[in-house]
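# Structural characterization, general
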Amino acid sequence: MTAPHPTAPPPAPARTGAAPRPAVTSTPPPADGRPVPPETERAWEARWAALQDDPAVRLFRPRADGDRPRRYLLTMFPYPSGDLHMGHAEVFAIEDVVARYWRARGHDVLNPVGWDSFGLPAENAAIRRDENPATFTDANIATQAASIRRYGVSFDWSRRLQTSDPGYYRWTQWLFLRLLEHGLAYRAAAPVNWCPQDATVLANEQVVGGRCERCGAQVVRRELTQWFVRTTAYADRLLDDMADLADAWPERVLTMQRNWIGRSRGARVRFPVVGGDTAIEVFTTRPDTLAAVTFVVVAPDGPLAESLCEPAVRDAFEAYRAAARAEPEVTRWAAGRAPSGVDLGVHVRHPTTGAELPVWAADYVLPGYGTGAVMGVPAHDDRDRAFADVYGLPVLDVPPADPDVTLAALEEGGTGERATSYRLRDWLVSRQRYWGAPVPVVHCPACGVVPVPDAALPVRLPDLRGDALLPRGTSPLAGARDWVTTSCPRCGGTAERDTDTLDTFVDSSWYFLRYLSPGRDDVAFDPADARAWMPVARYVGGVEHAILHLLYSRFVTKFLHDLGLVVPVEPFASLLNQGQVVNGGKAMSKSLGNGVALGEQLDRYGVDAVRLALLFSGPPEDDVDWADVRPEAMQRFLRRALLLSDDVARLERPARSAPGEGGAPVAGDDGGDPALPRTLHVLVGEIADLVEADRFNVAVARLMTLVSAVRSAAAAVGPDDAPSRGVARDVREAAEAVAVILSLFAPYSAEELWRRLGHGPSVALAPWPEVAAPAARAGTVVAVVQVDGKVRDRLDVDASIGEDALRALALASDAVQRRVDGTTVRRVVVRAPHLVNVVLAR
Ligand code: ANZ
Ligand code: ZN
């Protein structure tokens with residue numbers, strides 16, 4: 001998806017700041033350290049595709065056989081701009097660990113892939129190249145799909161979708177019609193960003209510093225009739241249902257959603273206009289400060305200011321309003337900004353004291369929030385105070401009253417009542433651009449707005465290209481007269497199609513449902529599939545979508561729930577926001593020249609080393625600094641892991657020096673040392689816990705420990721020793737476990753190891769290692785007991801002893817008791833079963 005640039009108040013989240021570090025710039029010599037050669041990677045890629053299509057195997061595809069727990073995993077789908085970048089590599093690596101893990105645990109996993117393929121970049125490219133946007137889009141999708149396959153992500157390709165496909169947008173239009181039918185889609189005049197030079201409406205992200213991104217002209221606000229979706233009708237539910245998401249979504253995302261919806265409880269209060277028959281209604285969260293009100297302020301660009309303004313100040317007002325309109329709302333709200341405004345020359349009467357108060361227009365009051373009017377309380381509000389100071393307005397130092405008493409007085413006098421206000425606005429879904437789903441209605445001179453019947457969907461885009469796509473003040477679709485002219489579905493008379501297209505956020509507000517029923521042409525998705533799979537168990541994607549995409553998806557899910565089509569009211573049960581991949585402490589960018597091309601990294605280090613390096617660099621939520629990442633070290637680790645198959649082969653090889661039938665090794669059967677099975681048991685359990693807790697970097701570290709442990713156990717058998725059957729069995733068991741665990745992080749190397757250990761057809765089909773508890777094989781071990789770091793005692797304990805039991809034993813030891821005598825134990829560090837350190841207070 002493309003990153004949105006919201007305009008309303010909630011601030012952008014703070015990124016984890018890293019001190020600038022040197023960027024990766026020099027080109028290291030071509031690495032010959034790739035653990036898996038490129039041709040072997042290609043062979044596996046083809047093999048996975050064949051196994052996926054094999055009806056007996058259905059690799060990476062859910063079996064939906066009913067009796068296994070289901071788990072729907074999802075990555076935010078990419079926007080097809082060029083090839084994959086490091087950011088995609090990060091998300092896909094993270095999510096693939098989770099998908100492969102749960103499959104190994106016997107879950108039925110749904111892990112689909114698709115593209116958010118409508119939108120402006122393809123349209124602008126098509127204008128430059130004189131072609132239809134589909135050409136550019138489909139070429140980019142083909143490139144990205146090939147890269148994703150190469151990257152070895154365990155997606156179910158049979159569910160692949162793209163939102164610009166008529167088979168998809170037909171159902172986006174169907175969704176719009178359901179909203180329309182339920183009164184949740186409507187048309188209204190609204191101010192939009194307008195570029196006078198290009199004669200077009202601009203999306204917020206196309207306005208850079210108040211200017212048109214394309215031609216640099218000063219952007220103005222203009223009233224246009226637009227389509228809206230009534231998200232505000234769900235404001236309370238969007239807020240209240242977040243209670244279910246606590247702990248499962250990042251707290252900062254929940255906070256951003258909450259702030260965006262911005263529910264405030266307070267009151268509406270009416271101030272009658274002196275000498276008129278109207279009143280200015282304000283929204284306030286502080287009715288208790290009513291007695292300290294000394295003026296009223298209205299938004300300069302709202303209808304109130306326009307209607308109240310006295311003729312004598314008209315010119316000054318209009319100049320001020322023009323300036324206010326040119327400025328984005330975010331900066332109008334910025335704290336510490338010098339106040340400005342104009343006196344409108346009218347007065348209102350205070351609803352309880354009857355005092356006459358001046359009415360001003362000032363840009364710190366926004367037209368779209370509350371009632372677009374504020375009661376000025378300079379004694380209690382900083383912004384009102386700053387305003388009063390600049391314009392010499394009176395400050396009345398009356399302390400706040402009891403809000404309930406105030407409210408009762410207002411309600412009694414009929415001049416006000418309790419009210420709730422939301423910062424959330426309805427969702428503007430109209431775009432006057434070509435590359436989107438056409439709004440499926442026609443305008444009939446006799447019948448008005450008439451929905452296109454479901455049976456006539458999709459309303460397909462006409463084939464426009466090159467200059468026909470240039471914006472001319474209306475949608476390029478308006479120029480396609482043959483397409484625009486149609487007949488009215490209601491009266492049969494001549495009518496015109498709506499020429500707006502839907503915002504791409506509409507496309508992405510329901511794609512996770514379409515994945516459930518791929519290719520169905522009778523329904524958008526099957527409610528039975530939604531019952532089986534929803535909600536998404538884990539959604540992985542960027543924090544840039546923390547507000548709008550998630551809000552719209554939540555809204556649409558609730559709406560479809562209300563239609564009886566989706567069971568849960570929340571689409572995403574848990575959410576993981578991965579960090580950014582940066583280079584030298586800075587976001588990768590063309591202007592800094594610090595971009596790192598994913599393809600080059602894959603060529604240089606191999607897929608597995610890149611995936612591992614991303615995962616190993618830190619917790620998934622943190623930024624990855626590619627300058628600090630060491631893919632070479634990951635290559636060394638992978639080469640070491642692959643050597644495990646040689647260890648197994650050596651230990652299992654019939655010892656040539658052995659007497660007798662030259663069959664199995666002869667040095668006994670029981671294996672002797674239980675250390676390796678014990679390590680294996682502990683690490684496999686720990687790695688499972690770490691993966692489930694999203695601590696992938698630590699899980700990789702434990703896997704490295706495991707590989708070293710297996711290698712040393714094998715090395716302990718010298719070249720001339722006859723290995724016992726027990727050792728050979730333990731090493732094989734551990735090497736096979738390594739292959740399965742490694743498949744989560746480095747699928748190519750894992751497949752190679754698995755194959756060399758004599759298995760097939762894919763390690764991705766192998767279950768998570770079952771390792772017997774060590775107690776079954778373990779005996780006792782020696783626990784060292786220290787006091788302030790000095791060894792004071794040694795205890796024989798059971799190898800499976802727990803921390804609490806070991807702590808108690810150590811504290812009860814005579815040697816410890818003697819030293820504790822009279823002082824306080826400050827801290828006891830326990831590392832069961834080997835070590836206890838008692839720290840005394842001094
Ligand atoms: C008087 C007052 C006294 C206020 C005081 C605040 C403090 P939230 O909490 O964000 O909902 N307000 C209302 N509508 C506004 C608009 N369209 N543009 C700018 N400001 C607006 O904020 C509600 C408060 O913000 C309201 O309560 C109003 O100022 C202001 F000591 O009323 B208050
Ligand atoms: Zn008609």
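Before reading on, note that the structure itself is shown above.
Let me begin by describing the structure that accompanies this report. (Residues numbered from 1 in each chain as written. Chains lettered and ligands numbered in written order. Predicted model: local features only at pLDDT ≥ 70, side-chain atom pairs only at ≥ 80, totals over all residues. Heavy atoms only, no water.)

Next up on the list: the overall build of the protein. Secondary structure assignment for the protein yields 27 helices and 32 strands. On the principal axes, the C-alpha backbone points of the protein span a range of 115 × 80 × 55 Å. In the protein, the share of contacts with a sequence separation of at least 24, taken over all contacts with a separation of at least 6, comes to 74%. For the protein, the accessible area works out to roughly 35,700 Å², and carbon and sulfur atoms hold 51% of it. With 92 positive and 107 negative side-chain charges, the protein shows a separation of 3 Å between the mean positions of the two kinds. (Helix = DSSP H or I, 4+ residues; strand = E, 2+ residues; numbered from the N terminus. Contact = heavy atoms within 4.5 Å. Areas by Shrake-Rupley, 256 points an atom, 1.4 Å probe, with all protein chains shown as cover. Lys, Arg positive; Asp, Glu negative; His and termini not counted. Charge placed at Lys NZ, Arg CZ, Asp CG, Glu CD.)

This part covers the packing of aromatic side chains. Applying the stated criterion across every chain yields a total of 27 aromatic pairs. Judged by centre distance (6.1 Å) and plane angle (70 degrees), the ring pair of Trp171 and Trp174 falls under edge-to-face. Residue Trp171 and its partner Trp174 are both found in helix 5 (residues 166-181); the two are separated by three residues, about one turn of the helix. Like Trp174, Trp171 is buried. The positively charged end of Arg70 is found above the aromatic ring belonging to Trp533, 5.7 Å away from the centroid. Above the plane of the ring of Tyr369 lies Arg423, whose end atom (NZ or CZ) is 3.9 Å from the centre. (Phe/Tyr/Trp six-rings, centres within 6.5 Å; stacked < 30°, edge-to-face > 60°. Buried < 20%, exposed > 50% of the residue type's maximum accessible area, 1.4 Å probe, protein only. Lys NZ or Arg CZ within 6 Å of the ring centre and 35° of its normal.)

As a further point, take the layout of surface pockets. By volume, the second largest pocket amounts to about 530 Å³. Together, 22 residues line the second largest pocket, and Phe283, Thr285, Val374, Asp381 and Arg383 are the ones closest to its centre. If you list the elements that add at least two residues to the lining of the second largest pocket, you get strand 11 (279-284), strand 15 (373-376) and helix 11 (382-391). Of the residues that constitute the lining of the second largest pocket, the class distribution is 10 nonpolar, seven polar and five charged. (1 Å grid on protein atoms, 1.4 Å probe; cavity = no way out; pocket = protein on both sides within 12 Å on 5 of 7 lines; lining within 4 Å. Points joined across faces, edges and corners; volume = space filled by probe spheres on them. Nonpolar A, V, L, I, M, F, W, Y, C, P; charged D, E, K, R; others polar.)

Another aspect to go through is the pattern of salt bridges. Using the criterion set out here, one finds 45 salt bridges in the structure. For Glu131, the salt bridge identified is with Arg129, shortest N-O distance 3.6 Å. Judged by its relative accessible area of 47%, Arg129 falls in the partly exposed class. Where Glu318 meets Arg314, a salt bridge forms, and the shortest distance between an N and an O atom there is 3.0 Å. Of this pair, Glu318 and Arg314 both sit in helix 9 (residues 314-326), four residues apart, which is roughly one turn of that helix. A cluster of three or more residues bridged by salt bridges with shared partners is formed by Asp241, Arg554, Lys558 and Glu570. (Salt bridge = Lys/Arg side-chain N within 4 Å of Asp/Glu carboxyl O.)

Turning to the site of ligand 1, a few remarks are in order. The environment of ligand 1 is formed by 18 residues, the closest being Ser264, Thr284, Leu366, Tyr369 and Arg423. One of the side-chain nitrogen or oxygen atoms of Tyr369 is found 2.3 Å away from an oxygen atom of ligand 1. Between ligand 1 and the protein, one listed contact pairs an oxygen atom with a side-chain N or O atom of Arg423 at 2.5 Å. Here ligand 1 loses 84% of its free accessible area of 650 Å² to cover by the protein chains. One can see that ligand 1 is located within the second largest pocket. Of all elements in the fold, only strand 11 and strand 15 reach the threshold of two or more residues within the shell around ligand 1. For the shell around ligand 1, a count of residues per class yields nine nonpolar, six polar and three charged. (Near = heavy atom within 4 Å. Polar contact = N/O pair within 3.5 Å; in protein donor to acceptor, adjacent residues only side chain to side chain. Sits in = over half its atoms within 2 Å of the grid points.)

Moving on, we get to the packing of helix 19 (residues 607-616) against helix 20 (residues 631-642). Helix 20 packs onto helix 19 with a crossing angle of 115 degrees between their chain directions and a minimal axis gap of 8 Å. As the angle between them shows, helix 19 and helix 20 are arranged roughly perpendicular. Considering how the two elements wind past one another, helix 19 and helix 20 form a crossing that is right-handed. Contact residues: helix 19 offers Asp608, Ala609, Leu612, Ala613 and Phe616, while helix 20 offers Pro631, Met634, Gln635, Phe637 and Leu638. In the contact of helix 19 with helix 20, the residues fall into eight nonpolar, one polar and one charged. (Axes fitted to C-alpha atoms, helices over the stretch in contact; angles between N-to-C directions. Parallel < 35°, antiparallel > 145°, perpendicular 65-115°, else oblique. Left-handed = near helix turned anticlockwise from the far one by under 90°.)

On to empty space enclosed by the protein. In total, this model carries six cavities of 30 Å³ or more according to the counting rule given. Taken as a whole, the largest cavity spans an internal volume of roughly 110 Å³. Around the largest cavity, the lining residues are Glu45, Trp48, Ala49, Gln52, Phe60, Arg149, Gly152, Val153, Phe155 and Trp157. The dominant element in the lining of the largest cavity, judged by the number of residues it contributes, is helix 1 (residues 38-53), at four residues. Here the lining of the largest cavity is built from residues that sort into six nonpolar, two polar and two charged. The computed volume of the second largest cavity comes to approximately 60 Å³. Together, Glu90, Ile94, Leu614, Leu615, Ser617, Gly618, Pro619, Pro620, Asp622, Val624 and Phe696 line the second largest cavity.

Turning our eyes to something else, we now look at the sheet that holds strand 27 (residues 586-587). Sheet architecture is open: three strands sit in the order 27-26-28, paired in mixed fashion. Since the sheet does not close on itself, it has two edges, and those belong to strand 27 and strand 28 (624-625), each with one partner. Pairing of strand 26 (residues 581-583) with strand 27 involves two bridges; the strand directions are antiparallel. Bridge pairing in strand 27 links Val582 to Ala587. (Pairing = 2+ DSSP bridges.)

Moving on to the pairing of strand 12 (residues 295-298). In strand 12, alternate side chains face the same way, and those of Phe295 and Val297 on one face and Val296 and Val298 on the other are all buried. With three bridges joining them, strand 12 and strand 14 (residues 356-362) adopt parallel strand pairing. What sits directly across from Val297, in strand 14, is Trp360.

None of this, on its own, says anything about what the molecule does.
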